[in-house]
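Now for the letters of each chain:
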Amino acid sequence: MQPKRILVAWVCAIFTILIVSKATTASDTNATSTAAAAAVDDICKTTEHPNACASALASAAGNPTASNQDYFDVSVQFALKRVESARAMAYNFSNAGQTGSSSQPSGMDDCLELLDISLKQLNDVIKPKKGTNQQDICTWLSAALTNQVTCSESLQMVPSSQNRDAMDVQVQSLAKYISTALALHVRLKGSSSDTSTSQTGNRRLLSDNLPAWLSADDRRLLLASPADIKADAVVALDGTGTHKSITEAIAFVTSRFATDADGGGSSSRSTIYVKSGTYSETLRITNKQTNVMLMGDGKGKSIVVGSRSADDGYSTYESATVAAVGSGFMAKGLTIINKAGPSKHQAVALRVGSDKAVVYQCSVQGYQDTLYVHSNRQFIAETDIYGTVDFIFGNAVAVIQNCYIQPLKPSAGQHDTITAQGRTDPNQNTGISIHKCRIMGASNLGGTAVYLGRPWQKYSRTVVMMTYLDDSIRPEGWDKWTGNFALSTLYYGEYGNTGPGSSISGRVKWGGVHSSMSTNEASKFTVGNFIFGDEWLPSGVSYTSGL
């Protein structure tokens, strides 16, 4: 063979090898990419919203080495970006972003506040502080999801417009992305909505069975009387305090302390002593006003009164007389009233969206929607709660213990439902646990039917345990919302109740009703296991950890 022909043959051979090698590499890459995409597809099939999940994880679909942690991180980042976009839209459409607008808060203003809160919650998930555990993350994602649902509800109070519709589309999509992140967290950590002692996280308890992080002052505060404390502000109508209004005092004490580096509020406790008197105020403790305590002189003495209602154009969220969002909120010795009356429909007395909140030895009075346990972890103890329709409602992780609960006479044609729990997603760790309380109808109820609860949302979850039920409670126990909605997906439980209304022989037979819970099942809804209160409740709060 001539040298020229030999050279040509060698060149052809080399090109053939390169082509085959490239084809093999491309085939391997395609196979790897296909496998990664299949993994994402398999993961998304386990979520409530597979299409939204696929969109959120698209950037990870081509990564063959992606771990479950990577998928979770990507999903939270994806949701966070969309919260930022939705927040910008809400700002532009709200009173804050428009000049010459009405001073009355609108549903769009609710969305702006709720999206601000969600931004902080998702940032706390992405950049957890020291001591953050699985339950913290599950709680914050559950609360962020609840915020979008509430925003969408509040938008129904906004007149129909392109702005309203565009905002609603945004938050409904956002809810699906946050739901995806929550589902992936459950997949990653096993911290699902099925409460159990295995989800406790890191408990660092001192010898007195309290967490190491709790300050000595906080340990004493809730046991003390007003005379025993040195308050940061004193509110008195007669001018003998530092302020004449509670609103001024809240602004004062929260401005005294520097915020955390991330703008998340103060780590120092701010205590406001509210002297006896009736204060006609609408109180707001914002997301950045953390660790605020309101201490009054006792039930019926230090009284806060409002009258906002749905009939007067307020959203349920904004109708509250007192609303606390900043984490670590505590209230003791106050009476909080919404006096709008039963004919005004939704009219909240107290709304709590604060994480690790305590309401202790208070009285909360209203009619429809009295106590809004909106989101996050809450403990309500030795408190009197009065109302008519759905008067304990919301989607918090809430334990209500040693409380007096009284159904009042509603408007003509209405009946009373004590709870309306708002869990929208099976992975949320939320629910209402009523433990060791007394439920006694008002003397003028007459023949008004009273039910323990009805399912506001698809996965509504409420338990009533070791509680006295008087004869105002209907034998059926639980009421429908509409048709057969949620009857198989809800979770309603009873355990160890007493009194004439506690007989379970006539209880409804829906698939989600557990009229005779086992001790093991009931223990999952106690202070120790449901809100993990042994980790954070101050020693001044009297509570029962287990059954």
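Residues numbered from 1 in each chain as written. Predicted model: local features only at pLDDT ≥ 70, side-chain atom pairs only at ≥ 80, totals over all residues. Heavy atoms only, no water.

Naming follows an unreviewed UniProt entry, where the protein appears as Pectinesterase of Rhynchospora breviuscula. Here the protein is described in UniProt, under the heading Catalytic activity (unreviewed entry), as follows: "[(1->4)-alpha-D-galacturonosyl methyl ester](n) + n H2O = [(1->4)-alpha-D-galacturonosyl](n) + n methanol + n H(+)". Quoted verbatim from the Pathway (unreviewed entry) field of the UniProt record, the comment on the protein reads "Glycan metabolism; pectin degradation; 2-dehydro-3-deoxy-D-gluconate from pectin: step 1/5." (UniProt positions renumbered as here; feature names shortened; annotations may be inferred.)

Caption draft 1: Broad picture of the nonpolar core. In this structure, Ile 246, Ile 272, Leu 294, Ile 392, Ile 400, Ile 405 and Ile 418 are the most contacted members of the largest nonpolar core, which totals 60 residues. Looking at this core element by element, the count peaks at four residues for helix H8 (residues 246-256). Leaving out residues up to four positions away in the same chain, Ile 392 has contacts with Leu 371, Ile 385, Ile 400, Ile 405, Ile 418, Thr 419, Ala 420 and Ile 432. Counting 55 residues, the second-largest nonpolar core is a separate cluster that includes Val 40, Ala 56, Leu 80 and Leu 114. (Core = buried A, V, L, I, M, F, W, Y, C linked by side-chain atoms within 4.5 Å. Buried < 20%, exposed > 50% of the residue type's maximum accessible area, 1.4 Å probe, protein only. Helix = DSSP H or I, 4+ residues; strand = E, 2+ residues; numbered from the N terminus. Contact = heavy atoms within 4.5 Å.)

Caption draft 2: Just unusual backbone geometry, in detail. In this model, Glu 382 sits at a positive phi of 50°, which is unusual for a non-glycine residue. Despite not being glycine, Met 466 shows a phi value in the positive range, around 50°. With respect to the secondary-structure elements, Met 466 resides in the loop between strand E23 (461-465) and strand E24 (468-469).

Caption draft 3: View of the sheet that holds strand E6 (residues 302-306). If you trace the eight strands from one edge of the open sheet to the other, you get E3-E6-E9-E12-E15-E18-E21-E24, paired in parallel fashion. If you trace the sheet from one side to the other, it starts and ends with strand E3 (277-280) and E24, each paired once. Two elements, strand E9 (residues 335-338) and strand E12 (residues 363-365), share three bridges in a ladder whose sense is parallel. The residue of E12 that forms the bridge with Ile 337 is Gln 365. (Pairing = 2+ DSSP bridges.)

Caption draft 4: Expanded view of the packing of helix H3 (residues 68-93) against helix H6 (residues 162-189). Close contact between H3 and H6 brings their axes to 9 Å; oriented N to C, the two are set at 160°. Between H3 and H6, the crossing angle belongs to the class labelled roughly antiparallel. The handedness of the crossing between H3 and H6 is left-handed. Of the residues assigned to the contact of H3 with H6, the class counts are 18 nonpolar, eight polar and three charged. (Axes fitted to C-alpha atoms, helices over the stretch in contact; angles between N-to-C directions. Parallel < 35°, antiparallel > 145°, perpendicular 65-115°, else oblique. Left-handed = near helix turned anticlockwise from the far one by under 90°. Nonpolar A, V, L, I, M, F, W, Y, C, P; charged D, E, K, R; others polar.)

Caption draft 5: Spotlight on the UniProt feature "active site" (unreviewed entry) in the protein. In the numbering used here, UniProt assigns the feature "active site" (unreviewed entry) to Asp 390. The topology assignment puts Asp 390 in strand E16 (residues 389-394).

Caption draft 6: Broad picture of the pairing of strand E15 (residues 384-387). Every second residue of E15 is oriented toward a common face, with Asp 384 and Tyr 386 on one face and Ile 385 and Gly 387 on the other, all of them buried. Of the strand pairs in this sheet, E12 and E15 are connected by three bridges, and their pairing is parallel. The residue of E15 that forms the bridge with Ser 363 is Asp 384. In this sheet, strand E18 (residues 404-407) lies alongside E15 in parallel orientation, the contact comprising four bridges.

Caption draft 7: Molecular detail of the state of the cysteines. Applying the stated rule across the entire model yields two disulfides. Covalent S-S linkage joins Cys 44 and Cys 53, the inter-sulfur distance amounting to 2.1 Å. Across the S-S bond of Cys 44 and Cys 53 the torsion is about -75°, and the bridge reads as left-handed. The same class applies to Cys 44 as to Cys 53, namely buried. Bridging Cys 111 to Cys 151, the disulfide has an S-S length of 1.9 Å. On the sign convention where negative means left-handed, the S-S torsion of about 95° between Cys 111 and Cys 151 marks this disulfide as right-handed. (Disulfide = S-S within 2.5 Å.)

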